[in-house]
Amino acid sequence: MYKTHQREIELWANGSPENTHEVIKFVLATANRRFIAVPKVLAKYDTDRVHCGLSGMQLDSLATLWQGRKLVYKTIQAKKKNPVELMRYMVSIQGLGIPKAGFVCQLLTGQVGCFDVWNMRDKAIKALLGIESIQKSAFTFSKDTKEETIVKKLTVYLTMCQKLGSEFLWDNWCATLAAQYGKPMGFYPWQTAEQISQFHVDTCIR
């Protein structure tokens, strides 16, 4: 799944500033939303941004990112080989917390990953990391947080992702979602983890 689908997105996304922008838009649209609903939000964004479902903050962020898309692209390309620097840049983007910034990095570079609530609750992941729990506060910060604290949080996050591997995080997340929603349900079209993984490609590359 990961080896095919992440790579397909990565190659496409790094092809232009506009494609990179689409990936960031996709990730922003996944925040606090059922994954299956993301394509509808993105399609609506193209025709009626005010009522597409994205917050005012997200819309402002995307407008700023679009206006400066060439510089955003150039900066990402320059930092791709340094996960800490790339993550530090990503979390400076309005609307991207640490987990979603990790998701952007995963899509664009094949590194890092997204520690969302599914992964935080996953007993197998906690066992692999040798910890009993993952606190959401470990991956959050505010505008008043000191720079050294932000970097420390990013370093801890990256260490966890590197220990598990970006491929594992992707494939395990798809398998978890498939197990949760794999039974026939009108709202969810997926039956397998492979279908969920492919859904990333279909939604990103528009």
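Here we look at the overall build of the protein
Part 1 of the argument: Scanning the protein from N- to C-terminus turns up 12 helices and zero strands.
Part 2 of the argument: Along the chain direction, N to C, the helices and strands of the protein fall in the order α-α-α-α-α-α-α-α-α-α-α-α.
Part 3 of the argument: Counting all 206 residues of the protein, 50% fall into the buried class.
Part 4 of the argument: Taking the contacts inside the protein whose residues are at least 6 apart along the sequence as the reference set, 64% of them involve residues at least 24 apart.
Part 5 of the argument: As displayed, the protein offers around 10600 Å² of accessible surface, 54% of which is attributable to carbon and sulfur atoms.
Part 6 of the argument: Across the protein, the centroid of the 27 positively charged side chains sits 3 Å from that of the 18 negatively charged ones.

Observations concerning the packing of aromatic side chains
Part 1 of the argument: A full pass over the atoms with the stated rule returns 10 aromatic pairs.
Part 2 of the argument: An aromatic cluster is defined as three or more aromatic residues linked by ring pairs; in this entry it consists of Phe 26, Phe 35, Phe 103, Trp 173, Trp 190 and Phe 199.
Part 3 of the argument: Over the face of the ring belonging to Trp 66 we find Arg 69, whose NZ or CZ atom lies 3.9 Å from the ring centre.

Some words on the environment of Val 104
Part 1 of the argument: Within the secondary structure, Val 104 is located in helix α7 (residues 98–109).
Part 2 of the argument: Residues Val 104 and Thr 20, 84 residues apart in the sequence, show an inter-C-alpha distance of 9.3 Å.

Examining helix α12 (residues 193–204)
Part 1 of the argument: The terminal C-alpha atoms of α12, which comprises 12 residues, lie 17 Å apart, in line with the 16 Å expected from a rise of 1.5 Å per residue.
Part 2 of the argument: Taken as a whole, α12 has its buried residues at Ala 193, Ile 196, Ser 197, Phe 199, His 200, Val 201, Thr 203 and Cys 204.

What to know about the packing of helix α6 (residues 83–90) against helix α10 (residues 147–164)
Part 1 of the argument: Relative orientation of the contacting elements α6 and α10 amounts to 120°, with a least axis distance of 10 Å. Comparing the axis directions of α6 and α10 gives the class oblique. In the crossing of α6 with α10, the sense of the turn from one axis to the other is right-handed. Residues Pro 83, Val 84, Met 87 and Arg 88 of α6 lie in contact with α10, whose contacting residues are Glu 147, Ile 150, Leu 154, Tyr 157 and Leu 158.
Part 2 of the argument: Here the contact of α6 with α10 is built from residues that sort into seven nonpolar, no polar and two charged.

Focus: the nonpolar core
Part 1 of the argument: Formed by 64 residues in total, the largest nonpolar core has its most connected members in Met 90 and Phe 115.
Part 2 of the argument: When residues no more than four places from it in sequence are discounted, the contact partners of Met 90 are Ile 76, Leu 96, Ala 101, Val 104, Cys 105 and Leu 108.

Observations regarding the pattern of salt bridges
Proximity of charged atoms lets side chains of opposite charge pair with each other.
Part 1 of the argument: The tally for this structure, following the rule as stated, stands at eight salt bridges.
Part 2 of the argument: Linking Arg 7 and Glu 10 is a salt bridge whose minimum nitrogen-to-oxygen distance equals 3.3 Å. With Arg 7 and Glu 10 both in helix α1 (residues 2–13) and three residues apart, the pair spans about one turn of that helix.
Part 3 of the argument: Between Glu 22 and Arg 206 there is a salt bridge; the shortest N-O distance is 3.0 Å. Within this pair, whereas Glu 22 is found in helix α2 (residues 17–30), its partner Arg 206 is found in the segment after α12, the two being separated by 184 residues in sequence.
Part 4 of the argument: In this structure Glu 22 comes out as buried when scored by relative accessible area, which is 18%.
Part 5 of the argument: Linked by salt bridges that have partners in common, Glu 22, Lys 25, Asp 46 and Arg 206 make up one network.

Quick notes on helix α3 (residues 38–47)
Part 1 of the argument: Within α3 the residues assigned to the buried category are Val 38, Val 41, Leu 42 and Tyr 45. Each buried residue of α3 lies within a common arc of 95° when the element is viewed along its axis, so the set occupies one face. Along α3, exposed side chains directed more than 90 degrees from the buried face belong to Lys 40 and Thr 47.
Part 2 of the argument: For α3, the secondary structure elements touched by its buried residues are α2, α4 (56–67) and α12.

Re the side chain of Ser 197
Part 1 of the argument: Secondary-structure assignment places Ser 197 in helix α12.
Part 2 of the argument: At 2.6 Å, the side chain of Ser 197 forms a polar contact with the side chain of His 5.
Part 3 of the argument: Those residues within four positions of Ser 197 in sequence are excluded, and the remaining contacts are Met 1, Tyr 2, His 5, Trp 170 and Cys 174.

Basis of the calculations
- Residues numbered from 1 in each chain as written.
- Predicted model: local features only at pLDDT ≥ 70, side-chain atom pairs only at ≥ 80, totals over all residues.
- Heavy atoms only, no water.
- Helix = DSSP H or I, 4+ residues; strand = E, 2+ residues; numbered from the N terminus.
- Buried < 20%, exposed > 50% of the residue type's maximum accessible area, 1.4 Å probe, protein only.
- Contact = heavy atoms within 4.5 Å.
- Areas by Shrake-Rupley, 256 points an atom, 1.4 Å probe, with all protein chains shown as cover.
- Lys, Arg positive; Asp, Glu negative; His and termini not counted.
- Charge placed at Lys NZ, Arg CZ, Asp CG, Glu CD.
- Phe/Tyr/Trp six-rings, centres within 6.5 Å; stacked < 30°, edge-to-face > 60°.
- Lys NZ or Arg CZ within 6 Å of the ring centre and 35° of its normal.
- Expected span 1.5 Å × (residues − 1).
- Axes fitted to C-alpha atoms, helices over the stretch in contact; angles between N-to-C directions.
- Parallel < 35°, antiparallel > 145°, perpendicular 65-115°, else oblique.
- Left-handed = near helix turned anticlockwise from the far one by under 90°.
- Nonpolar A, V, L, I, M, F, W, Y, C, P; charged D, E, K, R; others polar.
- Core = buried A, V, L, I, M, F, W, Y, C linked by side-chain atoms within 4.5 Å.
- Salt bridge = Lys/Arg side-chain N within 4 Å of Asp/Glu carboxyl O.
- Arc of directions from axis to C-beta.
- Polar contact = N/O pair within 3.5 Å; in protein donor to acceptor, adjacent residues only side chain to side chain.

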